[in-house]
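Structural characterization, general
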Amino acid sequence: MPRSTSLARHRSGQPALNGGPLDFTEAWLINRRLSDHTRAAYRRDITGWLSWCADRSLDPLAANFLDVNEYGRALESSMDPRSGRLLTPATVARKLSALSSWYDFLAKLRAVDANPVSGADRPKVSRDHSATVGLAPEEVDALLAAAEADTGPTAARNRAALTLLADLGLRVGELVSLDLADLGYERGHRSVRFIGKGGRARRRALTPGTAYAVDAYLAERAAAERVPVNELTGPLLVTSSGGRLDRHAVFRLVRRLAQQAGIPAWAKLSPHSLRHAFATTARAEGVPLEDVQDAMGHADPRTTRRYDRDRHNLDRDPAYAIWAARARRAPASP
């Protein structure tokens, strides 16, 4: 792996940061408020770039935008090991975005003179793009019904997990990171607090149905552990051995129940499908965009609009509302 500590110096000649690119990567990740999942993904993205540079004996701290362009073309011709298909433009763009953030960090440390990704040619990705397979409201109902009909020692936990995903539109990382201590009461509302994307503290209300599913699960868990519910501690959702439920188990759960519910696209669904359905249904029910944005923890309303799969439905064309308002203002016919 190419290393270059001579470039990582202030103009005064003092090192900005000891070590080489791998050390810079860990410092960059520690410096950012990221979930463990995002941190691992970014680490893989930078490791991929460093490996590519090593294969070409290219010092990553001396790379320019032409090198980044060549790397981008290499990514576009690479296969995704999970799907067996070429990497999508969105995936390539995400990897280059991570690389750009890494170089921004190095530029602030004066390890590099400039960010080479800023002058590179990145794939154009539509704001409307999303690879997530969505769910219609009726399919969400069917999925929850399958969870309700499920049996076995983890059935109550599974119902609580699916209900939290469906009713709150949580990210899977947010769901599995919940602890019992995150549950509470606020101004008459059952609530849950958690750290969302970007390290932002979030809080959401639990609907009566969500609260019921969570309470039923905790009552069953407390009985199995032979303690009162208020003495339970640790993660909210646990495995049969008491460990924290992980995201992979939730992926498998969603697909298994979707298959049982007869949802045609069950093999392509993910927990994120329920998040998309949350946004689409909320907007279809007339919830203002800014309220959906706040609930989902999006910094940019354009991101929320991308999640709304029904936004191009002509039933929601504002022309109808304008016409109806004009009709109400018109004088009644004699």
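So, here's what we can say about the structure.

About the thresholds
- Residues numbered from 1 in each chain as written.
- Predicted model: local features only at pLDDT ≥ 70, side-chain atom pairs only at ≥ 80, totals over all residues.
- Heavy atoms only, no water.
- Helix = DSSP H or I, 4+ residues; strand = E, 2+ residues; numbered from the N terminus.
- Buried < 20%, exposed > 50% of the residue type's maximum accessible area, 1.4 Å probe, protein only.
- Core = buried A, V, L, I, M, F, W, Y, C linked by side-chain atoms within 4.5 Å.
- Axes fitted to C-alpha atoms, helices over the stretch in contact; angles between N-to-C directions.
- Parallel < 35°, antiparallel > 145°, perpendicular 65-115°, else oblique.
- Left-handed = near helix turned anticlockwise from the far one by under 90°.
- Contact = heavy atoms within 4.5 Å.
- Nonpolar A, V, L, I, M, F, W, Y, C, P; charged D, E, K, R; others polar.
- Polar contact = N/O pair within 3.5 Å; in protein donor to acceptor, adjacent residues only side chain to side chain.
- Phe/Tyr/Trp six-rings, centres within 6.5 Å; stacked < 30°, edge-to-face > 60°.
- Pairing = 2+ DSSP bridges.
- Arc of directions from axis to C-beta.
- Expected span 1.5 Å × (residues − 1).

1. What to know about unusual backbone geometry
Note on backbone geometry: most residues besides glycine have negative phi, and most peptide bonds are trans. Look at Ser57: it is not a glycine, yet its phi comes out positive at around 50°. Structurally, Ser57 is set in the loop between α2 (36-55) and α3 (65-76). You can call Ser57 exposed: its relative accessible area is 69%. Residue Arg110 is not a glycine yet carries a positive backbone phi of 60°. Counting through the fold element by element, Arg110 comes out in the loop between α4 (89-108) and α5 (137-149).

2. Structural notes on the nonpolar core
Counting 42 residues, the largest nonpolar core has Leu164, Leu175 and Leu274 as the members making the most contacts within it. When residues of this core are traced back to their parent elements, those giving at least two are α5, α6 (155-168), α7 (172-176), β2 (189-195), α8 (208-225), α9 (247-260) and α10 (271-284). With 8 residues, the top contributor of residues to this core is α6. With 30 residues, the next largest nonpolar core counts Val68, Leu87, Leu96 and Phe105 among its residues.

3. Considering the packing of α10 against helix α11 (residues 289-296)
One way to put it is that α10 packs onto α11 with a least axis distance of 10 Å and a crossing angle of 160°. On the basis of the axis angle, α10 is roughly antiparallel to α11. Read as a crossing pair, α10 and α11 show a hand that is right-handed. Contact with α10, carried on its side by Arg275, Phe278, Ala279, Ala282 and Arg283, involves Leu289, Val292, Ala295 and Met296 of α11 and no other residues of that element. Of the residues assigned to the contact of α10 with α11, the class counts are 7 nonpolar, no polar and 2 charged.

4. Considering the side chain of Arg202
Along the chain, the position of Arg202 falls in strand β3 (residues 201-205). A polar contact of 3.2 Å, which involves the side chain of Arg202, links it to the backbone oxygen of Asp294. Each residue touching Arg202, except ones within four places of it in the same chain, is listed here: Arg171, Glu174, Val192, Arg193, Phe194, Gly196, Asp294, Ala295, Met296 and Gly297.

5. Comments concerning the packing of aromatic side chains
Under the counting rule described, the total for this entry stands at 6 aromatic pairs. Each ring, one from Trp49 and one from Tyr103, has its centre 6.4 Å from the other, and the planes form 75°; the classification is edge-to-face. A residue pair is termed long-range when its members are at least 10 positions apart, and Trp49 in helix α2 and Tyr103 in helix α4 qualify at 54 residues. Each member of the pair, Trp49 as well as Tyr103, carries the same accessibility label: buried. Clustering of aromatic rings is evident, with ring pairs tying together Trp49, Trp52, Tyr71, Trp102 and Tyr103.

6. Considerations on the pairing of β3
Burial along β3 is one-sided: Arg202 and Arg204 are buried, and none of Ala201, Arg203 and Ala205, which face the opposite way, are. Where β2 meets β3, 5 bridges bridge the pair, whose relative direction is antiparallel. Bridging across to β3, Phe194 finds its partner in Arg202.

7. Points about helix α1 (residues 21-31)
Residues spaced three or four apart along an α-helix point in a common direction, a consequence of the helix completing one turn every 3.6 residues. Among all positions in α1, only Pro21, Phe24, Thr25, Trp28 and Leu29 are buried. For α1, the angular spread of the buried residues around the axis is 130°, confining them to a single face. The exposed set on the far side of α1, more than 90 degrees from its buried face, consists of Ile30 and Asn31. Next to the buried residues of α1 lie α2 and α4.

8. Focus on α2
Under the 1.5 Å per step criterion, the end-to-end length of α2 is 28 Å for 20 residues, consistent within 8% with the ideal 28 Å. All of the buried residues in α2 are Thr38, Arg39, Ala41, Tyr42, Asp45, Ile46, Trp49, Leu50, Trp52 and Cys53. Those residues of α2 that are buried lie in contact with α1, α3 and α4. Note on α2: the residue one or two positions beyond its end, Ser57, has a positive phi of about 50°.

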